Every structure is written in structure tokens, then in C-alpha cells.
Amino acid sequence: MSYSFNKDYSTLSGISIPLNIYNSNKLGGVYAVPDFLTADSTISDTDFFIDFGDGTIIENNLSAFHTYITSGNYPITLVVTNSAGSFFRSNNSYIVNIT
């Protein structure tokens with residue numbers, strides 16, 4: 001995937017792909033699981049990455065796990081590309097509060 005990772009994904013078109021977040025809000029691990037089964041039907045042959053908001057990017061992992069080492073509020077963003085090479089971000093906003 002040839003995308004310049006950055007923190008401002010607002011220029012990307014939104015698409016309906018839920019991202020399930022599992023965490024305890026304590027320092028430690030967070031799972032981010034994209035739900036492609038209920039995704040917008042225009043996405044197929046998809047590459048994707050998950051930006052965990054602290055500089056960590058995980059690509060093409062359907063059960064991405066990340067450990068935060070500092071307390072704070074972190075936006076988690078799902079970005080996908082279709083077979084035509086267009087990039088989209090999830091319509092939903094996700095923020096985890098790690099204490």
C-alpha cells in the first residue's frame with residue numbers, strides 16, 4: 001500500500017466499515033478488529049491499515065493488537081484502499097481513553 005501515513009485523514013472519503021475496539025481503558029493492550037462482513041459493498045480486494053493514534057500503524061491484520069505505554073486519549077482510525085487504488089477512512093470515529 002503506497003500511502004503517506006499522517007494524523008489528518010479528514011481529506012479521505014468516508015466509508016461504512018465498523019471497527020470493533022476491545023480494551024480495558026488501562027495501560028496495556030487494545031484490539032482493533034475491522035468488520036468487513038458488514039462493510040460497504042464497494043470495498044473488495046481490500047488492503048487496510050489501522051492507525052492507533054500514537055504513531056503505531058498496523059497493516060492488513062484482521063485482529064490488530066497494540067499496547068499503549070502512556071496514558072491519554074488516542075484516536076483510532078481505519079483506512080482502506082480498493083482495487084482501483086482509492087483510499088477511504090471509516091465513517092465512525094473511535095477514541096480510546098487509556099488511564
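Residues numbered from 1 in each chain as written. Predicted model: local features only at pLDDT ≥ 70, side-chain atom pairs only at ≥ 80, totals over all residues. Heavy atoms only, no water.

Participant: I'd like a description of the overall build of the chain, backed by residues and values.
Facilitator: Of regular secondary structure, the chain possesses 0 helices and 9 strands. For the chain, the succession of helices and strands along the chain, N to C, is β-β-β-β-β-β-β-β-β. Burial status across the chain gives 36% buried among its 99 residues. Within the chain, counting contacts between residues at least 6 apart in sequence, those at least 24 apart form 60% of the total. (Helix = DSSP H or I, 4+ residues; strand = E, 2+ residues; numbered from the N terminus. Buried < 20%, exposed > 50% of the residue type's maximum accessible area, 1.4 Å probe, protein only. Contact = heavy atoms within 4.5 Å.)

Participant: I'd like to hear about the layout of surface pockets, residue by residue, with values.
Facilitator: In this model, the largest pocket occupies a volume close to 220 Å³. Taken together, 15 residues line the largest pocket, and the ones lying closest to its centre are Y9, I76, T77, R89 and S93. Elements supplying a minimum of two residues to the lining of the largest pocket: strand 7 (72-81), strand 8 (87-90) and strand 9 (94-98). Classifying every residue of the lining of the largest pocket by side-chain character gives 6 nonpolar, 6 polar and 3 charged. (1 Å grid on protein atoms, 1.4 Å probe; cavity = no way out; pocket = protein on both sides within 12 Å on 5 of 7 lines; lining within 4 Å. Points joined across faces, edges and corners; volume = space filled by probe spheres on them. Nonpolar A, V, L, I, M, F, W, Y, C, P; charged D, E, K, R; others polar.)

Participant: Give a detailed account of the side chain of S90, specifying residues and quantitative values.
Facilitator: Mapped onto the elements, S90 comes out in strand 8. Residue S90 is classed as buried on the basis of its relative accessible area, which comes to 6%. From its side chain, S90 meets the backbone oxygen of I17 in a polar contact 2.9 Å long. Sequence-distant contacts of S90, defined by excluding residues within four places in its chain, comprise I15, I17 and L78. (Polar contact = N/O pair within 3.5 Å; in protein donor to acceptor, adjacent residues only side chain to side chain.)

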